[in-house]
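A structural walkthrough
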Amino acid sequence: MPNTRMREVLSTTFGYAAFRPGQQALVEAIVDGQDVLAVMPTGAGKSLCYQLPALLSEGTTLVISPLVALMRDQVSGLERLGIEAGALSSGQDAAGNREVASRFQAGALKLLYLAPERLALPGTLDLLRRAPLARLAVDEAHCVSQWGHDFRPDYLRIREVADELGNGRSMQLVAFTATADPGTREEIARRLFPVAPKIVVHGFDRPNISVAMEPKREVRRQIRAFIAGHAGESGIVYASSRRKTEELAAALVQDGIRAEAYHAGLDSRLRGQRQERFQREDGMVMVATVAFGMGIDKPDVRFVAHADMPRSVEAYYQEIGRAGRDGLPAETLSLYGLDDMRLRRLQIEQSEGSAEFKRVEQQRLAALIALMETPRCRWQTIRGYFGETAEPCGHCDVCRHGITAADATQEARMVLSAILRTEERFGTEHLIDILVGHATEKVCRFGHDRLPTFGVGKDRSRDAWRGVVRQLYGAGLITTDLGGHGSWRMEADARSLLKGETRFEVRADIFTNRKPLRKSAS
Ligand code: ADP
Ligand code: ZN
């Protein structure tokens, strides 16, 4: 497909001057017939990536979309552009659905939107067989993930449907989502696609948002100092509990700042009033729990702070992403402390979830901690987490100030060696037992007290070792299986480190001023 044709449709039909970053490569892959899973943040322009190919292909593109309102919106948007589109959903009456079905059978539709529950209705497949199809596009693909909040059982039928409609081979599948941590991404790929799709991640960069992270020292003082640099500007301060939002808001008011608290414990009228005030007025600071933000569409939020550690990298990204929607510079500061980490661990342990769920959550937490402690560019680390490769941003705290790094090549090799000598079958605490020479019953049972690695790291604290493990994880040199038991595996990239060809650096503070997370067992 010549690019000129693509560009022509982009400008004449859709009225856009150029592709957004990532769109063109995606459109090309889709037109080329590849199965694709695209991960792009909200607002990046995912719809165009299946709508444009629909116009360049023979037959109808089926689109599975979970939200009736969104579907209606899309169809009317397409119709305004003069594109033949329709939707089958419970959101419209039987006559409306019949009319769409007959246009489809006549081969008149370029795009047909379907609510997922349609896939389970008798007759849907029969109908879909009556006209040539181009491909199946799946919006909000994370709805197939059983770990997510948006799980839609009907999404599990998509793969079957693609099989049945494909005359012998599976029909081309392209799927889109805005939220996919590495685990969810794997799950989507596995559940939705017959064979591994091409995964494309793009657009997580927010170049106008500068980010910084600091360990908690005196939270109020840190937050006040941060806000003082933004006099007269609107911002959000996230805190983890209702009580903290009230206290912090009161403290800010005392400083003469127009601040309000916002949390789910307030009655809905008061919440509405405060939210509206924030939307309308300039220079208001909302001190809020994560309950605040869903409906917020204020373009000129100039700063976001976390007075407590966010819940996950995804949550962090969403929350700081509420700053600088207008594209002008915005600043964020996120505080984290050992109390937050301990609390999150405990919450996960005590949650109702299955063992598997807890393991996934613990891994998410580990990734968040790795981000907080990384000596690498923050944006590089965030985008790397979402699967995107990136250059250092130049304006995060690490890029600006430089974090003193300590050479931990030796320590890193000790960890890798412990992982390999125990056949990649053990988790952090057991590996640390070996490194510090702590002959637990389990260590002895496996004969690990006789390994050459046993006790080689006794000069470092257990916490320093946890830091090294976390940072190896953060750097992508070790990984842990979703199906495993928290055991660590070595990634191919770590080989050169093990052979002594590359060096490994960590934040120097890992080895110095950190208090242990837990009392050392040794
Ligand atoms: P997503 O589904 O990724 O959240 P949408 O597909 O709804 O995002 O697109 C977000 C907005 O970006 C829409 O208003 C859309 O019209 C606009 N948009 C998409 N692609 C382009 C482009 N190449 N140039 C300009 N605007 C675009
Ligand atoms: Zn940076």
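An unreviewed UniProt entry annotates the chain as DNA helicase RecQ of Arboricoccus pini. The annotation that UniProt attaches to the chain under Catalytic activity (unreviewed entry) is "Couples ATP hydrolysis with the unwinding of duplex DNA by translocating in the 3'-5' direction." We quote the UniProt Sequence similarities (unreviewed entry) comment for the chain here in full: "Belongs to the helicase family. RecQ subfamily."

This paragraph deals with the packing of helix α17 (residues 409–421) against helix α18 (residues 428–436). It is the contact of α17 with α18, at a shortest axis distance of 10 Å, that shows an interaxial angle of 115°. Between α17 and α18, the angle is such that the two are roughly perpendicular. Relative to α18, α17 is oriented so that their crossing is right-handed. Counted together, Met414, Val415, Ala418 and Ile419 of α17 and Leu431, Ile434 and Leu435 of α18 form the full contact between these two elements. Among the residues making up the contact of α17 with α18, the classes are represented as seven nonpolar, no polar and no charged.

What follows covers the pairing of strand β4 (residues 111–114). Judged by which residues are buried, β4 turns out to be covered on both faces: Leu111 and Tyr113 on one side and Leu112 and Leu114 on the other are all buried. Of the pairings in the sheet, the one linking strand β2 (residues 60–64) to β4 comprises four bridges and is parallel in character. Pairing of Ile64 across the sheet is with Leu114, part of β4. By the bridge criterion, four bridges tie strand β3 (residues 85–88) to β4 in an arrangement that is parallel. Paired with Gly86 across the strands is Leu112, a residue of β4.

On to the site of ligand 1. Around ligand 1 sit Tyr16, Phe19, Arg20, Gln23, Met40, Thr42, Gly43, Ala44, Gly45, Lys46, Ser47 and Leu48, and those are all the residues in its vicinity. Here the shell around ligand 1 takes three residues from helix α3 (residues 46–56), the largest share from any one element. Residues that form the shell around ligand 1 fall into these classes: five nonpolar, five polar and two charged.

A few words on helix α12 (residues 313–320). For α12, the set of buried residues is Val313, Tyr316, Tyr317, Glu319 and Ile320. All buried residues of α12 project into a common sector of 170° when viewed along the axis, lining one side. Among the structural elements, β8 (209–215), β9 (234–238), β12 (301–306), β13 (330–336), α14 (355–373) and α15 (378–385) are those in contact with the buried residues of α12.

Take the sheet that holds strand β1 (residues 36–39) next. Strand order in the open sheet formed by seven strands is β3-β4-β2-β5-β6-β1-β7, and the pairing between neighbours is parallel. Strands with a single pairing partner mark the edges of an open sheet, and in this sheet they are β3 and β7 (198–201). For this sheet, the mean inter-axis angle between neighbouring strands, taken without regard to orientation, is 20°. As paired elements, β1 and strand β6 (residues 173–177) share four bridges and run parallel to each other. Bridge pairing links Ala38 to Phe176 in β6. Most of the contacts of helix α5 (residues 94–105) go to β3, to which it runs at about 130°, and overall it touches β2, β3 and β4. Of the strands in this sheet, β1, β5 (133–138), β6 and β7 touch helix α8 (residues 182–192), which is tilted by about 155° from β6.

Inspection of the secondary structure puts Thr179 in the loop between β6 and α8. Thr179 sits in the buried class, given 20 other C-beta atoms within 10 Å. With 37 residues separating them along the chain, Thr179 and His142 place their C-alpha atoms 7.0 Å apart.

So, about the sheet that holds β8. Read across the sheet, six strands follow the order β8-β13-β12-β9-β11-β10 without closing on themselves; strand pairing throughout is parallel. A strand with exactly one partner marks an edge of an open sheet, and here the two such strands are β8 and β10 (259–262). The sheet shows a mean angle of 15° between the axes of neighbouring strands, taken without regard to direction. Looking at chain direction, β10 and strand β11 (residues 285–288) are connected through four bridges and run parallel. If you follow Tyr262 over to β11, its bridge partner there is Ala288. The sheet contacts of helix α10 (residues 242–254) involve β9, β10 and β11, and relative to β10 the element is tilted by about 175°.

Calculation criteria
Residues numbered from 1 in each chain as written. Chains lettered and ligands numbered in written order. Predicted model: local features only at pLDDT ≥ 70, side-chain atom pairs only at ≥ 80, totals over all residues. UniProt positions renumbered as here; feature names shortened; annotations may be inferred. Axes fitted to C-alpha atoms, helices over the stretch in contact; angles between N-to-C directions. Helix = DSSP H or I, 4+ residues; strand = E, 2+ residues; numbered from the N terminus. Parallel < 35°, antiparallel > 145°, perpendicular 65-115°, else oblique. Left-handed = near helix turned anticlockwise from the far one by under 90°. Contact = placed C-beta atoms within 7 Å. Nonpolar A, V, L, I, M, F, W, Y, C, P; charged D, E, K, R; others polar. Buried ≥ 20, exposed ≤ 12 C-beta atoms within 10 Å, placed from the backbone. Pairing = 2+ DSSP bridges. Near = placed C-beta within 6 Å. Arc of directions from axis to C-beta.

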